[in-house]
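Tertiary structure, described
Chain by chain, the residues:
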Amino acid sequence: MRTLEAMKKLTLRQEIPQMLKECGINQYLIEVGVRWGFGLRNLLQADPTLVIGVDHWNATRNPAQNDTNLTQPQLNDMYSRLFHESLFDSRIRLLRGKSGDVCKWFPRLWADFVYIDADHTHEGCLADMAYWWDVVARGGILAGHDYNLATNKNGKVDFGVQTAVRQFIEDRKISSDCLVTIENKGDSGSWLIYKINGE
């Protein structure tokens with residue numbers, strides 16, 4: 001339960017890598033929804049063996065999957081820059097594809113930490129949580145960004161992350177004590193679920 005106690009002391013998303021390192025759950029880390037790569041680079045501070053970034057980098061017509069209205073050339077440029085950066089850091093791997101497809105490439109109970117910052121709708125977030133839960137190891141953490149009920153800047157996506165997280169823990173009968181939230185301090189808030197067993 002040392003990890004759960006450490007989670008409860010977090011006040012900012014940027015503190016997560018240090019907490020992972022101190023708790024010894026920093027070997028295999030995954031971020032789902034990478035875009036520019038800020039979160040992925042932040043995870044490198046945990047001194048991991050491997051950080052995997054999963055994103056489709058695709059300008060779909062679904063505003064929940066591209067809520068900042070980026071063009072395909074802009075998304076391709078983001079991916080190219082991150083890919084080039086990853087060539088010089090053996091700890092980084094990028095997987096370009098849909099969350100529900102890419103999660104199948106991983107063994108069960110493999111990752112120490114998975115951070116979801118992808119589709120922010122209730123349905124999309126709930127699906128991503130279901131996709132990645134089995135990949136998280138016992139004693140690991142499933143987490144994510146934008147724990148709020150806002151509408152994004154372009155007004156096209158009502159964020160349903162908060163309701164999705166609550167439904168997920170209720171449906172899976174996960175103790176609410178295993179859920180930790182980091183308040184919105186200029187970063188839209190984060191949520192973390194500690195995986196005690198194989199719930």
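Everything in this summary refers to the structure shown in the same document. (Residues numbered from 1 in each chain as written. Predicted model: local features only at pLDDT ≥ 70, side-chain atom pairs only at ≥ 80, totals over all residues. Heavy atoms only, no water.)

Overview of the environment of Y28
Inspection of the secondary structure puts Y28 in strand β1 (residues 28-32). Look at Y28 and you get partly exposed, because its relative accessible area is 22%. Distance from Y28 to I52, taken between C-alpha atoms, is 7.9 Å for residues 24 residues apart in sequence. Among the polar contacts made by the side chain of Y28, one reaches the side chain of Q27 at a distance of 3.3 Å. (Helix = DSSP H or I, 4+ residues; strand = E, 2+ residues; numbered from the N terminus. Buried < 20%, exposed > 50% of the residue type's maximum accessible area, 1.4 Å probe, protein only. Polar contact = N/O pair within 3.5 Å; in protein donor to acceptor, adjacent residues only side chain to side chain.)

Things to note about the sheet that holds strand β5 (residues 136-145)
Taken in spatial order, the seven strands line up as β3-β2-β1-β4-β5-β7-β6 in an open sheet, and their pairing is mixed. A strand with exactly one partner marks an edge of an open sheet, and here the two such strands are β3 (92-96) and β6 (179-182). Taking each pair of neighbouring strands and ignoring which way they run, the sheet shows an average axis angle of 15 degrees. For β1 and strand β2 (residues 50-55), the ladder comprises five bridges, and the chain directions are parallel. When the bridges of β2 are listed, I30 appears paired with I52. With respect to the sheet, helix α2 (residues 16-23) is in contact with β1, β4 (111-116), β5, β6 and β7 (190-194), its orientation differing from that of β4 by roughly 165 degrees. Helix α7 (residues 161-171) rests against β5, β6 and β7 of the sheet, and its axis sits at about 10 degrees to β7. (Pairing = 2+ DSSP bridges. Axes fitted to C-alpha atoms, helices over the stretch in contact; angles between N-to-C directions. Contact = heavy atoms within 4.5 Å.)

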